[in-house]
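Spelled out from the first residue to the last, the chains are:
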Amino acid sequence: MQDRRFSDEELVAYLDGESEFAAVDQIEAALQDDAALNKRLDALRIDLGALQDSFEILQPSQEAIAALPVGAKAPVKRPVFAVGMAACIALAVGFGLGSWSTNQSPSGWVEYVAAYQALYTHATLDHISQSPEQLREELGRVSAAVGKDIALEQLTALPDVEYKRGQVLSFEGRPLIQLAFATPSGVPIALCIIRSEDVAKTEEAMATMRLEGLSSAVWSDGVHDYVLIGGKEDGLVRRMGQALQSMQI
Amino acid sequence: MLSRWRKQSAEEEVEAGLPEVFPRIWRYAFSLTGSRDGADDLAQAACLRAMEQASKFRSGTHLDRWLFRITHNLWISEIRKERVRKKGGMPMVDAADIPDPKQDPERDYDRQEVLKSVLDLPEAQRVTVFLVYIEGYSYKAAAEILDIPLATVMSRLATARANLGRKFRDQKDVSRAR
């Protein structure tokens, strides 16, 4: 049985044209008169064209592609965003914007949060359904990551939105928490909280704006910085922001 | 502010290249998660991770391979673990998520069957088949993306080919096989 010299791996490498891993000349010589080897090789053949063709039917939705905050709009995105940020600075209502433009990377945590949120679609939170106990346990763990103790009732008390989940993310090695809500029509809105880096920071009043085209509210209590972002209902985000700020979440 | 961004060429390269690679990353994410929702979540998480770590990308190297590696690592290190924890095991591929036949029902039916055959493979074989046979990566590149030895790539492909060969022959002739 001459074909025993060749392992399946070698034969597959031969079929794949990976000549570095197959004794091509020897295999081809053996194939001339070795019926068993031919049979083994046939058993390993597959229709690669059909395989590649089959994956063509798997395409991301236009919504998923459009949600990418980069690329096609990249050439104009940065200047537009910069203009937006310049406007924020001009309004002098942002929090810590001075340190943003000097010490920190231009892609500060707010931009990170906005880019993250821009990737969310209506479907992102659809499948998430947790019991109050699960939500409470999760919230306790998540809020502790930024040194807070947020009660589930504070989040479920908000009108017009349903609290869905909490996650710990990270920004430049610092924990950042995201508390996600969904409107009745499924629009995701996130409250993101990070500890202020500047120990001398004081309270900053809430400012509203559009970031990545999403309704946003930002404020600081001096200890933590907050961003509420999602959807295009400026009024809803403003009301939610005011409610969250007033309950000193 | 803008001048500082211009200096970050690696980050710009990642951002500029992401949209082109995204559909491929999404298909890979589908192969890993077995559903459209799962693919959306994983592909988007991978893009975010790539943006976060863009400064680590070595300008001029293969962005696609870097993104596949990030997607794979994210799946292994976080998302798969979380799924197993929450759902008590890995989900099977949701056939309902494979698009329905449209223009050419017969051809699309064949394509769905072939696709399902691949998606039904065990994960280790499935990802290797995807990278080598769908994406066309060399054994060496696939081994680097998956962070496994070359011999493992070879043994996975040999096993996968034997499995697929059996299934394909059940479904149709192998006139185009190689």
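Here's what I pulled together on the structure shown here. (Residues numbered from 1 in each chain as written. Chains lettered and ligands numbered in written order. Predicted model: local features only at pLDDT ≥ 70, side-chain atom pairs only at ≥ 80, totals over all residues.)

Considering the overall build of chain A
In step 1: Per the secondary structure count, chain A includes 11 helices and six strands.
In step 2: Here chain A, with 249 residues, has 38% of them falling under the buried criterion.
In step 3: Considering only intrachain contacts with a sequence separation of at least 6, the fraction spanning at least 24 residues in chain A is 57%. (Helix = DSSP H or I, 4+ residues; strand = E, 2+ residues; numbered from the N terminus. Buried ≥ 20, exposed ≤ 12 C-beta atoms within 10 Å, placed from the backbone. Contact = placed C-beta atoms within 7 Å.)

A look at the overall build of chain B
In step 1: If you tally the helices and strands in chain B, you get eight helices and zero strands.
In step 2: When the helices and strands of chain B are read in sequence order from the N terminus, they spell out α-α-α-α-α-α-α-α.
In step 3: Each of the 178 residues in chain B was classed as buried or not, and the buried ones make up 40%.
In step 4: At a minimum sequence separation of 6, the contacts of chain B that also span at least 24 residues come to 62%.

A short note on the sheet that holds strand β1 (residues 162–171) of chain A
All names here are of chain A.
In step 1: With respect to topology, six strands assemble into an open sheet ordered β1-β2-β3-β6-β5-β4, the strand pairing being antiparallel. The sheet is open, and its two edges are formed by β1 and β4 (204–211), each paired on a single side. Strand after strand, the sheet turns through a mean of 20° between neighbouring axes, direction not considered.
In step 2: Sheet analysis places β4 next to strand β5 (residues 214–220), joined by six bridges and oriented antiparallel. Within β5, the residue paired with L211 across the bridge is L214. (Pairing = 2+ DSSP bridges. Axes fitted to C-alpha atoms, helices over the stretch in contact; angles between N-to-C directions.)

Quick notes on the environment of A182 of chain A
Residue and element names in this part refer to chain A.
In step 1: Locating A182 in the fold gives a position in strand β2 (residues 174–182).
In step 2: Here the alpha-carbon distance between A182 and G231, two residues 49 residues apart in the chain, equals 9.6 Å.
In step 3: Setting aside chain neighbours within four positions, we find A182 in contact with L125, V161, E162, K164, V187 and P188.

Thoughts on helix α7 (residues 139–146) of chain B
All names here are of chain B.
In step 1: Turning to α7, its buried residues are Y139, A142, A143, I145 and L146. With its buried residues spanning 165° around the axis, α7 presents them on a single face.
In step 2: The first or second residue beyond α7 is D147, which carries a positive phi of 55°. (Arc of directions from axis to C-beta.)

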